[in-house]
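Topology and contacts: notes
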Amino acid sequence: MPFVAQRKKSPLPPPTRPYVALGLEGSANKLGAGIVRHNPDGTVDVLSNPRHTYITPPGEGFLPSDTARHHKEWAVRIVKKAMEDSGLGLEDLDCVCFTKGPGMGAPLQSVSVVARTVALLYNKPLVGVNHCVGHIEMGRLITGATNPIVLYVSGGNTQVIAYSQQRYRIFGETLDIAVGNCLDRFARVIGLPNDPSPGYNIEQAAKKGRKLLPLPYTTKGMDVSLTGLLTATSAYTDLPRFRRAGAPMPDGVDPEEIITPEDLCFSLQETVFAMLVEITERAMAHVGSREVLIVGGVGCNVRLQKMMGIMTEERGGKIFATDMRFCIDNGIMIAQAGLLAHRMGQETPLKKTVTTQRFRTDEVHISWRA
C-alpha cells in the first residue's frame with residue numbers, strides 16, 4: 001500500500017467559550033491596537049484593528065525617541081478606538097498581548113508600558129509576542145495557508161522561514177540590511193515622500209521606469225546582501241546623465257542615455273525581488289513545499305507578489321499574501337499570536353515584560369502547532 005502521511009493532531013485545545021485578546025504593536029513607526037476573538041466553533045473574528053503611523057518629512061527617517069513620543073501621544077486614542085470598534089470593554093479581555101521584540105527600543109518600551117498599565121488596572125495576564133511570529137500567524141489565519149515557506153520582508157527584517165517541530169526555522173536571511181530598509185533609504189536619496197510610506201512610493205515610481213540598469217545581484221546560498229545594491233543604485237544619481245523630474249536636460253548627454261528616478265526604482269525593485277524569489281524557491285525545493293506565504297510590510301508590493309506568483313505557478317504551487325490591513329504592522333497580528341499562546345497556558349510574568357531589540361524568530365516555542 002502507498003504511504004500516506006498523517007497530519008499530526010493540533011495540541012491547541014478547542015475553545016469551550018469565546019476568548020478575546022487585545023494586541024498592541026509599536027515596534028517601529030506604526031502604532032496599532034487590535035481585538036481578536038476565538039469562538040467555540042473554531043472561527044476567528046477580527047473585531048477591530050485601528051492604526052496610526054508616524055510620518056516624517058521627505059528625505060528623513062524616524063528617530064526612536066521621536067517615534068516613542070508619537071506612540072505615547074496616540075496610545076490612549078488608539079486603544080479607545082479599538083475597544084469602541086469591537087463593542088467590548090477592557091474588562092471583557094482574556095489577556096493583553098504586546099510586541100516584546102524585535103524592533104526599536106524606545107517605541108517598544110512605550111507600548112509595553114501601555115500593556116502593563118491595562119493589565120494591572122483590569123487584572124489581566126500579559127503575553128509578550130515575537131513580532132515576526134505575529135506576522136506569520138496573522139498571514140496563516142487570513143490566507144488559510146497550511147504549511148508554507150514564509151518570506152518575511154519588512155523594514156527591519158528579511159527572512160525565509162519554514163516550520164518544523166514547533167519552531168519557525170530560518171533558512172535564509174539578509175546579511176546586512178533588510179529589504180524594506182534598503183527601499184526606504186533609497187527613497188530618501190531621491191527625495192520621495194514618506195506618506196503613506198517610502199516603499200509604496202517606490203512601487204508607484206517603478207511602474208513608470210523604462211530602463212533595467214545593471215546592479216549587484218548578491219545571493220550567498222540562502223542569504224542575501226543588500227548594502228552593495230543600495231550603494232550602487234544611489235551612485236547612479238551622481239552621474240551626469242541622471243535627471244530628476246522637471247530638471248533641465250544635461251548638456252552633451254544623449255536623451256536616450258538619460259536615467260530617471262523611475263528607472264532606478266524599477267531597477268532596484270526588479271533586482272532585489274529577483275534575489276528574494278531565488279532564495280524562496282531554493283527553500284521550497286529543500287523542504288518540498290508548494291506554498292509561499294509573504295508577510296511583512298514589503299509583502300504588500302504587488303510586483304513582488306507577481307514575481308513570486310510566476311515562480312510558484314511554474315512549480316505547481318500557490319502564493320498567499322495579505323493586503324495592507326494585515327501585512328503592514330498592526331495590533332491584530334499581536335493579538336492573534338498572543339491569544340494562541342495564552343490558550344496553551346503561556347503568560348509573561350510582569351518582571352519579564354521587558355522588551356528587546358533582538359528577538360530571533362526561531363527562539364519562540366510554537367506550542368500551539370503540532
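Read on for an overview of the structure. On a predicted model such as this, the values are computed, not experimentally measured, just so you know. (Residues numbered from 1 in each chain as written. Predicted model: local features only at pLDDT ≥ 70, side-chain atom pairs only at ≥ 80, totals over all residues. Heavy atoms only, no water.)

Structural notes on helix α10 (residues 331-343)
Test applied: Only DSSP runs of H or I with at least four residues qualify as helices, and only runs of E with at least two residues qualify as strands; both kinds are numbered from the N terminus onward. A helix is expected to reach a length of 1.5 Å times the quantity of its residues less one. Whenever two N or O atoms come within 3.5 Å, that pair is a polar contact, provided that in protein one can donate a hydrogen and the other can accept it, and provided that, for residues adjacent in sequence, both atoms are side-chain atoms.
Helix length check: α10 (13 residues) gives 18 Å between terminal C-alpha atoms against 18 Å at 1.5 Å per residue, within 8%. Its side-chain oxygen 3.2 Å from the backbone nitrogen of Ile332, Asn330 forms the N-cap of α10. Once α10 ends, the next one or two residues include Gly345, with phi positive near 90 degrees.

Regarding the environment of Val127
Definition in use: A 1.4 Å probe rolled over the protein chains alone gives each residue an accessible area, and that area as a share of the maximum for its type sets the label: buried under 20%, exposed over 50%, partly exposed in between. It only takes one pair of heavy atoms within 4.5 Å for two residues to be counted as in contact.
One can find Val127 in strand β6 (residues 126-130). Its relative accessible area of 2% is what places Val127 among the buried residues. The spacing of Val127 and Val96 is 31 residues in sequence and 6.2 Å in space, taken between C-alpha atoms. Beyond its immediate stretch of four places on either side in the chain, Val127 contacts Cys95, Val96, Cys97, Phe98, Gly338, Ala341, His342, Gln346, Glu347 and Thr348.

Looking at the packing of helix α7 (residues 261-287) against helix α8 (residues 302-314)
To be explicit about the condition: Interaxial angle, 0 to 180 degrees, is taken between N-to-C directions of lines fitted to C-alpha atoms, where a helix line uses only the stretch in contact. Helix crossings fall into two classes, left-handed where the near helix is turned counterclockwise from the far one by less than a right angle and right-handed where it is turned clockwise. Each residue gets one of three labels, nonpolar for Ala, Val, Leu, Ile, Met, Phe, Trp, Tyr, Cys and Pro, charged for Asp, Glu, Lys and Arg, and polar for the others, Gly among them.
Two elements in contact, α7 and α8, have axes whose closest approach is 10 Å; the angle formed by their N-to-C orientations is 35 degrees. You can see that α7 and α8 cross each other, and the crossing is right-handed. Across the interface between the two elements, Gln269, Glu270, Phe273, Ala274, Leu276, Val277, Thr280, Glu281 and Met284 of α7 pack against Arg303, Leu304, Met307, Met308, Met311 and Thr312 of α8. Here the contact of α7 with α8 is built from residues that sort into 9 nonpolar, 3 polar and 3 charged.

A word on the packing of aromatic side chains
Heads up, the rule is: The aromatic pairing rule takes the rings of Phe, Tyr and Trp, using the six-membered ring of Trp, and pairs them if the centres are within 6.5 Å, calling planes under 30 degrees apart stacked, those over 60 edge-to-face and the rest tilted. Geometrically, a lysine NZ or arginine CZ counts as sitting over a ring once it is within 6 Å of the ring centre and also within 35 degrees of the ring normal.
The tally for this structure, following the rule as stated, stands at 1 aromatic pair. Note that Arg77 overlies the ring of Trp74, its terminal NZ or CZ placed 3.9 Å from the centroid.

Details of the nonpolar core
The following threshold applies: Take the buried residues of types Ala, Val, Leu, Ile, Met, Phe, Trp, Tyr and Cys, join any two whose side-chain atoms come within 4.5 Å, and each joined set is a nonpolar core.
With 44 residues, the main nonpolar core has Val153, Val179, Phe186, Leu226, Cys265 and Met308 as its most contacted residues. Counting residues per element, the ones that place at least two in this core are β7 (149-153), β8 (158-164), α4 (179-189), α5 (198-206), α6 (227-235), α7, β12 (291-295) and α8. Looking at this core element by element, the count peaks at 11 residues for α7. Leaving out residues up to four positions away in the same chain, Val179 has contacts with Val153, Ser154, Thr158, Leu226, Val272, Leu276 and Val298. Tyr152, Ile161, Tyr168 and Phe326 belong to the second-largest nonpolar core, a separate cluster that totals 35 residues.

Some remarks on the sheet that holds β8
Note the following rule: Note on pairing: DSSP must find at least two bridges between two strands before they are called paired.
The mixed open sheet is built from 5 strands, whose spatial order is β9-β8-β7-β12-β13. Only two strands of the sheet have a single neighbouring strand rather than two, namely β9 (167-173) and β13 (318-321). The sheet shows a mean angle of 25 degrees between the axes of neighbouring strands, taken without regard to direction. Pairing of β8 with β9, which is carried by 6 bridges, proceeds in the antiparallel orientation. From the neighbouring strand, Ile161 faces β9, where its bridge partner is Ile170. Of the strands in this sheet, β7, β12 and β13 touch α8, which is tilted by about 155 degrees from β13.

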